[in-house]
Amino acid sequence: MITGTAHVETLTQEIATIEQWSNLGAELLGVESFQLIAEMRSTAREAVLPAGLHPTSPPALSIQAWNVAESPWGPFSFATTRVSCRSGVRARGFTTAAVASTATAAEGLTGCFGFPTTVGPVKLRRHYDGVDLESEGLVVTGLDPTPLGSSDVQYTGTLNLANTPNGLRLVQVEATHSGDRVERVQGRILDFDPAQWGNSLLSPYHVVSTSIAVETINLPAVRFVCRPGELAFSGTEKIEIEQR
Amino acid sequence: MKFGIFFELSVPRPFSRAIERQVYDTSLEQCRVADQLGFDHAWAVEHHFLEEYSHCSAPEVFLAAVAAQTSRIRVGHGAVVCVPEMNHPVRVAERAAALDIISGGRLELGTARSSTWTELGGFGADPDDTKKTWDEFVRVIPKMWTEDAFSWEGKSFSMPERNVLPKPYQDPHPPMWVTVTSPGTELDAAERGLGCLGVAAVSYEEQDRRTADYHRRIANCEPVGSVVNDQVHTMNFLYCHEDYKVAKKVGLPMANTFNVANAHLYWTREAYATSAYQALGNVGRSLQQAAAPADDPSAAKGLPEGLGVGDPDHLIRVIKRWESVGVTGINFILNAMELIPQEQVLESLRLFAREVIPAFRDSSVALQPVYAPTSIPGATTVGGTGR
């Protein structure tokens, strides 16, 4: 079975730091969310993941964005890119970059959950016939909403590479999404700068599916981390309460 | 209780022309040996683009070789993906009928709709439509097999009147099955009078519930064909050795290797927002057997619940449990990624046939022709298996 081949050094240029583990999660209320899944060229299959993760075949990139009305860090907008992968037998997304619209949100997402978040513009605009997402190096659109059931969109857990009290680790963020309104749209990537989003090898060229939702997102406190160079079967560590 | 062997044709990396050939060769030899030993079915899946996990993209070719190299084992073409971008229904009916003729009336036809985006996306199929096209396929294939003047105006295809040829050797036609992974699919099978071909080893408790629901529903089914197949088969792994510790040491890594490869597939639900695929994961997810309950024969030996790995006495107890929850057949995966040397695989098969199968049927029965579909009262008389 194939595993990632990226050198950890190349993945750690702009990673997050979690100073200490927290028992506290974060509830994000009134979230307008967006998710686009696109296949990538096979050159980006193993080369964008650390050795502890397995790529999917075909390789795929998910672009997610949120407009958050209420959170521990106030209202904010957020966009992130993740490479689809497997940690052990679990479906995950490995974060390559993240942008938050406010410094407070960026600090919270970075310090609590390890998202490699920078502060920048994120504009997620819903309108009658679809949605637009804009950030630096990213322009995406989705048209013609079709209603779906609230459970018809799959959000996989996230792995953020971060410096943590346990050392350099893949931090597992297992967000839960409770959708009130979910729609599928016809997504198009109008502009994507791979270097801006974490890795020049990222090559989303074939959009598979795009969805938008109104939902509540719960980010529970981190419970597990993995060593980035070791498969999850042996490299997973539980975050003990005493450590928090 | 029927016993089958089940092939994904998994190929380990590094890929080479030689290893592809080796997997096909070892699998065909396993079929020949199983045929001689009294196993009932040899199934081969249809998968596309699934590196390592399954290189079985032309099962009808593999199964034609199985049919030619064996004399009694039934040939399981399953499951054929009932998605028009992959298979036109006429081609499915034609190929299956030809295989039935080649095998002398030993064909079983499984049907499915594919679970991975890797496959559906590769063929440009719309995940929203696969359940509908599967339903259309299973209704038209028996008509193509039995009607001299077939025509159709449907959703996924339409055609003017033609005689779809050849007709199968079995009269009226081969038994049909549906692969069942997600809860509820067994009811789709039952409503249509189709056999329940489990490809996920669920717990005894879950199987008991599914089997009961299946039998309740199939008792009042509206069959899509001219025969009702009311069999409930499950999938499992097999490694049998006199010493259960050896069986465990060899068999568990094989099962785990398969499960991990399965979990690494790129599932449709993960890629495509749709109500048509509600489960993330397929076989491997459900084959991550839980630790056995205390009253399970596997518990004392540290083996997962219901897994076909162990010494003969242990396997007899395990299979009796499956039998007690209504399972009428078990199809075994014998190897994964060529992890177990071929001679050990064959020894496991021989020991199982010698020590385990006789606990479920008389040895003289074991080598007789295998299965005839249940006939529908008032429907066309079943002509038997043609063997």
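Refer to the structure above for everything that follows.
In short, a report on the structure. This structure is a prediction, so every number in the text was calculated from the model and none was measured. (Residues numbered from 1 in each chain as written. Chains lettered and ligands numbered in written order. Predicted model: local features only at pLDDT ≥ 70, side-chain atom pairs only at ≥ 80, totals over all residues. Heavy atoms only, no water.)

1. Brief notes about the interface of chain B and chain A
Now for step 1: In this assembly, 25 residues from chain B lie in contact with 26 residues from chain A.
Now for step 2: Note on chain B versus chain A: buried area summed over both sides is about 2300 Å², and carbon and sulfur give 50% of it.
Now for step 3: The largest contributions to the chain B side of the interface with chain A come from H264(B), Y266(B) and E270(B), which together make up 28% of the buried area.
Now for step 4: Counting every contact that joins chain B to chain A gives 3 salt bridges.
Now for step 5: Of the charged contacts, one joins R86(A) and E270(B) as a salt bridge, the two residues approaching to 2.6 Å between their closest N and O atoms.
Now for step 6: Mapped onto the side of chain B that touches chain A, the elements with two or more residues apiece are α4 (117–122), α8 (244–263) and α9 (268–271) of chain B.
Now for step 7: Looking at the side of chain B that touches chain A element by element, the count peaks at 4 residues for α8(B).
Now for step 8: Residues belonging to the side of chain B that touches chain A are distributed by class as follows: 12 nonpolar, 7 polar and 6 charged. (Contact = heavy atoms within 4.5 Å. Buried area = accessible area lost by both parts, 1.4 Å probe. Salt bridge = Lys/Arg side-chain N within 4 Å of Asp/Glu carboxyl O. Helix = DSSP H or I, 4+ residues; strand = E, 2+ residues; numbered from the N terminus. Nonpolar A, V, L, I, M, F, W, Y, C, P; charged D, E, K, R; others polar.)

2. Quick word on the packing of aromatic side chains
Now for step 1: Under the criterion given, the structure shown has 17 aromatic pairs over all chains.
Now for step 2: Taking NZ or CZ as reference, R41(A) lies 3.7 Å from the ring centre of Y205(A), over its face.
Now for step 3: Here R113(B) stacks its cationic end above the ring of Y277(B), 4.0 Å away from the centre of that ring. (Phe/Tyr/Trp six-rings, centres within 6.5 Å; stacked < 30°, edge-to-face > 60°. Lys NZ or Arg CZ within 6 Å of the ring centre and 35° of its normal.)

3. A word on the environment of V171(A)
Residue and element names in this part refer to chain A.
Now for step 1: Mapping V171 onto the fold places it in strand β12 (residues 167–173).
Now for step 2: By relative accessible area, which is 0% here, V171 ends up buried.
Now for step 3: V171 sits 153 residues away from I18 along the chain, and the two C-alpha atoms are 9.6 Å apart.
Now for step 4: Non-local contacts of V171, meaning those with residues more than four positions away in its chain, are made with I18, W21, F113, T158, L159, N160, A162, T164, V222, F224 and V225. (Buried < 20%, exposed > 50% of the residue type's maximum accessible area, 1.4 Å probe, protein only.)

4. A look at the sheet that holds strand β10 (residues 232–237) of chain B
Residue and element names in this part refer to chain B.
Now for step 1: Pairing is parallel around the closed barrel formed by 8 strands, whose spatial order is β1-β2-β3-β4-β7-β8-β10-β13. Each strand of the sheet is rotated relative to its neighbour by a mean of 25 degrees, with strand direction disregarded.
Now for step 2: Judged from the 5 bridges that link them, strand β3 (residues 74–81) and strand β4 (residues 107–112) form a sheet pairing that is parallel. The partner of G76 across the bridge, within β4, is E108.
Now for step 3: Seen against the sheet, helix α2 (residues 59–69) touches β1 (2–7), β2 (41–44) and β3 and runs at an angle of roughly 180 degrees to β3.
Now for step 4: Each of β3 and β4 touches helix α3 (residues 89–102); the most contacted strand, β4, lies at about 155 degrees to it. (Pairing = 2+ DSSP bridges. Axes fitted to C-alpha atoms, helices over the stretch in contact; angles between N-to-C directions.)

5. What to know about the side chain of T110(A)
Residues and elements named next belong to chain A.
Now for step 1: Take T110: it is sitting in helix α2 (residues 103–113).
Now for step 2: There is a polar contact of 3.4 Å between the side chain of T110 and the side chain of T117.
Now for step 3: What T110 contacts, discounting residues up to four positions off in sequence, is A16, T17, I18, F115 and T117. (Polar contact = N/O pair within 3.5 Å; in protein donor to acceptor, adjacent residues only side chain to side chain.)

6. What to know about the packing of α2(B) against α3(B)
All names here are of chain B.
Now for step 1: With their axes 9 Å apart at the nearest point, α2 and α3 run at an angle of 15 degrees to one another. Taken together, the axes of α2 and α3 are roughly parallel relative to one another. Both α2 and α3 take part in a crossing whose hand is right-handed. Here α2 contributes E60, L63, A64 and A67 to the contact with α3, which in turn contributes R95, L99 and I102. (Parallel < 35°, antiparallel > 145°, perpendicular 65-115°, else oblique. Left-handed = near helix turned anticlockwise from the far one by under 90°.)

7. Some thoughts on the nonpolar core
Now for step 1: Of all hydrophobic cores here, the largest spans 105 residues; its most connected members are F3(B), I5(B), F39(B), F62(B), I319(B) and F352(B).
Now for step 2: Setting aside residues no more than four positions away along its own chain, I319(B) makes contact with M1(B), F3(B), I330(B), F332(B), F352(B), V356(B) and F360(B).
Now for step 3: Counting 36 residues, the second largest nonpolar core, distinct from the first, contains F94(A), V99(A), L170(A) and L202(A). (Core = buried A, V, L, I, M, F, W, Y, C linked by side-chain atoms within 4.5 Å.)

8. Comments concerning the pairing of strand β4 (residues 60–68) of chain A
Residue and element names in this part refer to chain A.
Now for step 1: Across the 9 residues that make up β4, a large majority, 9, are buried.
Now for step 2: Alternating positions in β4 separate into two faces, A60, S62, Q64, W66 and V68 on one and L61, I63, A65 and N67 on the other, with burial throughout.
Now for step 3: Pairing between strand β2 (residues 26–40) and β4: 8 bridges, direction antiparallel. When the sheet's bridge partners are listed, E39 is paired in β4 with A60.

9. Examining α8(B)
Each turn of an α-helix holds 3.6 residues, which means side chains three or four residues apart point in the same direction.
Residues and elements named next belong to chain B.
Now for step 1: Taking 1.5 Å per residue as the helical rise, α8 with its 20 residues ought to reach 28 Å, and the 27 Å between its terminal C-alpha atoms agrees with that figure.
Now for step 2: Its axis deflected by about 25 degrees at G251, α8 carries its strongest bend there, up to four residues before the proline P253.
Now for step 3: The N-capping residue of α8, defined by a side-chain oxygen 2.8 Å from the backbone nitrogen of K245, is D243. (Expected span 1.5 Å × (residues − 1). Bend = angle between axes of the 7 residues up to and from the residue.)

10. Considering the pairing of strand β6 (residues 158–162) of chain B
Residues and elements named next belong to chain B.
Now for step 1: When strand β5 (residues 150–153) meets β6, the two strands line up antiparallel, connected through 3 bridges. Counted as the bridge partner of F150 is R162 from β6.
Now for step 2: Connecting the antiparallel pair β5 and β6 is a turn made up of 4 residues.

Without other data, these values stay purely geometric and don't point to any function.
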